[in-house]
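# Tertiary structure, described
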Amino acid sequence: MNKYIAIILMLMTSEACSNHEPWIEDEYFFYKQGEVRSYTFTPKRFVRPEIVIYDSDCILPKDLFLANRDGTRVDKLNWEVLIEVLRKEKIIESQNLKLRAGFLGDEKCYKSLSFNQLKSISWKLFPKKVTVRLTVHSIDSRFSQPDERLSFGIRHSPVP
(Lines give C-alpha, C1' and ligand atoms only; values in the text may rest on other atoms or scores of the structure.)
Protein backbone atom coordinates (compact mmCIF):
# COMPACT_ATOMS: atom_id res chain seq x y z
CA MET A 1 0.00 0.00 0.00
CA ASN A 2 2.87 2.42 0.71
CA LYS A 3 4.13 1.94 -2.86
CA TYR A 4 0.87 3.22 -4.29
CA ILE A 5 0.83 6.26 -2.05
CA ALA A 6 4.37 7.20 -3.12
CA ILE A 7 3.48 6.85 -6.79
CA ILE A 8 0.37 8.98 -6.42
CA LEU A 9 2.33 11.71 -4.63
CA MET A 10 4.98 11.72 -7.38
CA LEU A 11 2.32 12.04 -10.08
CA MET A 12 0.64 14.93 -8.29
CA THR A 13 3.96 16.75 -7.88
CA SER A 14 4.93 16.16 -11.51
CA GLU A 15 1.57 17.42 -12.78
CA ALA A 16 1.72 20.54 -10.62
CA CYS A 17 5.20 21.42 -11.85
CA SER A 18 4.59 20.78 -15.54
CA ASN A 19 1.45 22.88 -16.00
CA HIS A 20 2.37 26.52 -16.62
CA GLU A 21 -0.96 27.66 -18.03
CA PRO A 22 -1.92 31.05 -16.64
CA TRP A 23 -4.60 31.24 -13.97
CA ILE A 24 -5.38 34.75 -15.19
CA GLU A 25 -4.60 36.13 -18.66
CA ASP A 26 -5.50 39.62 -19.85
CA GLU A 27 -4.47 42.27 -22.32
CA TYR A 28 -1.17 44.04 -21.69
CA PHE A 29 -1.99 47.32 -19.91
CA PHE A 30 1.31 48.57 -18.49
CA TYR A 31 1.39 51.29 -21.17
CA LYS A 32 -1.44 53.18 -19.39
CA GLN A 33 -0.18 55.38 -16.56
CA GLY A 34 -2.66 55.37 -13.67
CA GLU A 35 -4.31 52.12 -14.81
CA VAL A 36 -5.60 49.91 -12.00
CA ARG A 37 -6.64 46.28 -12.60
CA SER A 38 -7.92 43.78 -10.08
CA TYR A 39 -8.18 40.02 -10.48
CA THR A 40 -9.98 37.76 -8.02
CA PHE A 41 -9.27 34.05 -8.16
CA THR A 42 -8.81 30.92 -6.10
CA PRO A 43 -5.26 29.50 -6.20
CA LYS A 44 -5.29 26.15 -7.99
CA ARG A 45 -2.28 24.54 -6.34
CA PHE A 46 -0.04 24.65 -3.29
CA VAL A 47 2.47 26.86 -5.09
CA ARG A 48 3.25 30.56 -5.28
CA PRO A 49 1.93 32.44 -8.28
CA GLU A 50 4.02 34.87 -10.28
CA ILE A 51 3.32 37.78 -12.60
CA VAL A 52 4.14 37.09 -16.27
CA ILE A 53 4.16 39.04 -19.53
CA TYR A 54 3.75 36.87 -22.63
CA ASP A 55 5.06 37.85 -26.06
CA SER A 56 3.33 36.13 -28.99
CA ASP A 57 5.42 37.74 -31.74
CA CYS A 58 8.98 38.29 -30.48
CA ILE A 59 8.85 42.02 -29.72
CA LEU A 60 10.45 41.96 -26.25
CA PRO A 61 14.15 42.65 -26.91
CA LYS A 62 16.87 40.45 -25.48
CA ASP A 63 18.62 43.43 -23.84
CA LEU A 64 16.06 43.83 -21.03
CA PHE A 65 18.68 42.62 -18.53
CA LEU A 66 21.97 44.30 -17.68
CA ALA A 67 24.66 41.92 -16.43
CA ASN A 68 26.88 43.18 -13.62
CA ARG A 69 30.51 42.12 -13.24
CA ASP A 70 29.58 39.84 -10.34
CA GLY A 71 27.12 37.96 -12.57
CA THR A 72 23.95 39.43 -11.08
CA ARG A 73 21.32 40.86 -13.40
CA VAL A 74 19.53 44.18 -13.25
CA ASP A 75 16.35 44.70 -15.22
CA LYS A 76 16.24 47.64 -17.61
CA LEU A 77 12.48 48.18 -17.59
CA ASN A 78 11.76 51.76 -16.58
CA TRP A 79 8.33 51.47 -15.05
CA GLU A 80 6.74 51.43 -11.64
CA VAL A 81 3.89 49.00 -11.09
CA LEU A 82 2.56 48.30 -7.60
CA ILE A 83 1.23 44.81 -6.81
CA GLU A 84 -1.10 44.30 -3.88
CA VAL A 85 -2.59 41.03 -2.67
CA LEU A 86 -5.88 41.42 -0.83
CA ARG A 87 -7.80 38.93 1.25
CA LYS A 88 -11.24 39.99 2.52
CA GLU A 89 -10.49 43.56 1.36
CA LYS A 90 -7.34 43.78 3.52
CA ILE A 91 -3.89 44.21 1.92
CA ILE A 92 -1.70 41.28 2.99
CA GLU A 93 1.20 41.88 0.58
CA SER A 94 2.46 44.89 -1.34
CA GLN A 95 5.51 45.20 -3.61
CA ASN A 96 6.77 46.83 -6.80
CA LEU A 97 6.96 44.79 -9.99
CA LYS A 98 10.51 43.47 -10.51
CA LEU A 99 11.77 41.40 -13.43
CA ARG A 100 13.19 38.02 -12.30
CA ALA A 101 13.80 36.04 -15.48
CA GLY A 102 13.17 35.86 -19.19
CA PHE A 103 12.39 32.76 -21.22
CA LEU A 104 13.95 33.01 -24.66
CA GLY A 105 11.89 32.27 -27.76
CA ASP A 106 14.99 32.47 -29.94
CA GLU A 107 18.32 34.30 -29.79
CA LYS A 108 16.79 37.74 -30.40
CA CYS A 109 13.87 38.03 -27.99
CA TYR A 110 11.96 36.69 -24.99
CA LYS A 111 8.83 34.59 -25.27
CA SER A 112 7.80 35.51 -21.73
CA LEU A 113 9.07 37.55 -18.81
CA SER A 114 8.72 36.33 -15.25
CA PHE A 115 8.22 38.88 -12.46
CA ASN A 116 7.57 38.77 -8.72
CA GLN A 117 6.29 35.76 -6.91
CA LEU A 118 3.32 36.52 -4.69
CA LYS A 119 4.63 35.06 -1.45
CA SER A 120 1.44 35.55 0.55
CA ILE A 121 -0.45 33.18 -1.76
CA SER A 122 0.78 29.72 -0.83
CA TRP A 123 -0.08 27.11 1.77
CA LYS A 124 -1.96 29.50 4.05
CA LEU A 125 -4.37 30.81 1.43
CA PHE A 126 -4.96 27.70 -0.64
CA PRO A 127 -7.81 27.33 -1.73
CA LYS A 128 -9.29 30.65 -0.55
CA LYS A 129 -10.25 33.53 -2.84
CA VAL A 130 -7.71 36.32 -3.17
CA THR A 131 -7.55 39.53 -5.16
CA VAL A 132 -4.43 40.81 -6.90
CA ARG A 133 -4.52 44.52 -7.71
CA LEU A 134 -1.97 46.14 -10.02
CA THR A 135 -1.50 49.91 -10.26
CA VAL A 136 0.67 51.44 -13.01
CA HIS A 137 2.43 54.50 -11.57
CA SER A 138 4.91 55.11 -14.41
CA ILE A 139 5.41 53.55 -17.84
CA ASP A 140 8.43 52.52 -19.90
CA SER A 141 8.50 54.67 -23.04
CA ARG A 142 9.60 51.67 -25.16
CA PHE A 143 6.32 49.94 -24.32
CA SER A 144 3.98 52.94 -24.23
CA GLN A 145 1.64 51.94 -27.06
CA PRO A 146 -1.09 49.28 -27.07
CA ASP A 147 0.19 46.04 -28.55
CA GLU A 148 -2.03 42.97 -28.86
CA ARG A 149 1.05 40.74 -29.18
CA LEU A 150 1.77 41.23 -25.46
CA SER A 151 -0.43 39.88 -22.68
CA PHE A 152 -0.36 39.88 -18.91
CA GLY A 153 -0.78 36.77 -16.79
CA ILE A 154 -0.73 35.28 -13.33
CA ARG A 155 0.40 31.66 -13.17
CA HIS A 156 2.03 29.36 -10.67
CA SER A 157 5.77 29.84 -10.55
CA PRO A 158 7.96 27.03 -11.87
CA VAL A 159 10.65 28.26 -9.44
CA PRO A 160 9.99 27.42 -5.76
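Preceding this section is the structure that the text describes.
For the structure given in this document, a descriptive report is provided here. Keep in mind that what you see is a predicted model, and the values were worked out from it rather than measured.

Calculation rules
- Residues numbered from 1 in each chain as written.
- Predicted model: local features only at pLDDT ≥ 70, side-chain atom pairs only at ≥ 80, totals over all residues.
- Heavy atoms only, no water.
- Helix = DSSP H or I, 4+ residues; strand = E, 2+ residues; numbered from the N terminus.
- Contact = heavy atoms within 4.5 Å.
- Core = buried A, V, L, I, M, F, W, Y, C linked by side-chain atoms within 4.5 Å.
- Buried < 20%, exposed > 50% of the residue type's maximum accessible area, 1.4 Å probe, protein only.
- Pairing = 2+ DSSP bridges.
- Axes fitted to C-alpha atoms, helices over the stretch in contact; angles between N-to-C directions.

### Quick look at the environment of S56
Note that S56 resides in the loop between β3 (49–55) and β4 (60–61). S56 sits 92 residues away from E148 along the chain, and the two C-alpha atoms are 8.7 Å apart. Each residue touching S56, except ones within four places of it in the same chain, is listed here: K111 and R149.

### Topic: the environment of R155
Here R155 is to be found in strand β12 (residues 150–156). When the C-alpha positions of R155 and P43 are compared, they lie 9.2 Å apart, and in sequence the two are 112 residues distant.

### Here we look at the nonpolar core
By size, the foremost hydrophobic cluster in this structure holds 33 residues, and its most contacted members are F30, W79, F115, V132 and L134. At the level of secondary structure, the elements contributing two or more residues to this core comprise β2 (36–41), β3, β7 (80–87), β10 (109–117), β11 (130–138) and β12. Apart from residues no more than four positions distant in its own chain, F30 is found in contact with I53, W79, V81, L97, L134, V136, I139 and F152.

### What about the pairing of β12?
Among the seven residues of β12, seven are classified as buried, and the element is accordingly described as predominantly covered. Burial of the side chains of β12 extends over both faces: L150, F152, I154 and H156 are buried on one face and S151, G153 and R155 on the other. Pairing between strand β1 (residues 24–27) and β12: four bridges, direction antiparallel. What sits directly across from D26, in β12, is F152. One ladder, built from seven bridges, connects β3 with β12; its direction is antiparallel. Bridged to I53 within β12 is F152.

### Digging into the sheet that holds β7
An order of β2-β11-β7-β8 is seen for the four strands of this open sheet, with the pairing classed as antiparallel. Two strands bound the open sheet, and with one partner strand each, they are β2 and β8 (90–96). The mean angle between the axes of side-by-side strands here comes to 20 degrees, regardless of whether they run parallel or antiparallel. In terms of strand pairing, β7 meets β11 through seven bridges, oriented antiparallel. The partner of V85 across the bridge, within β11, is V132.

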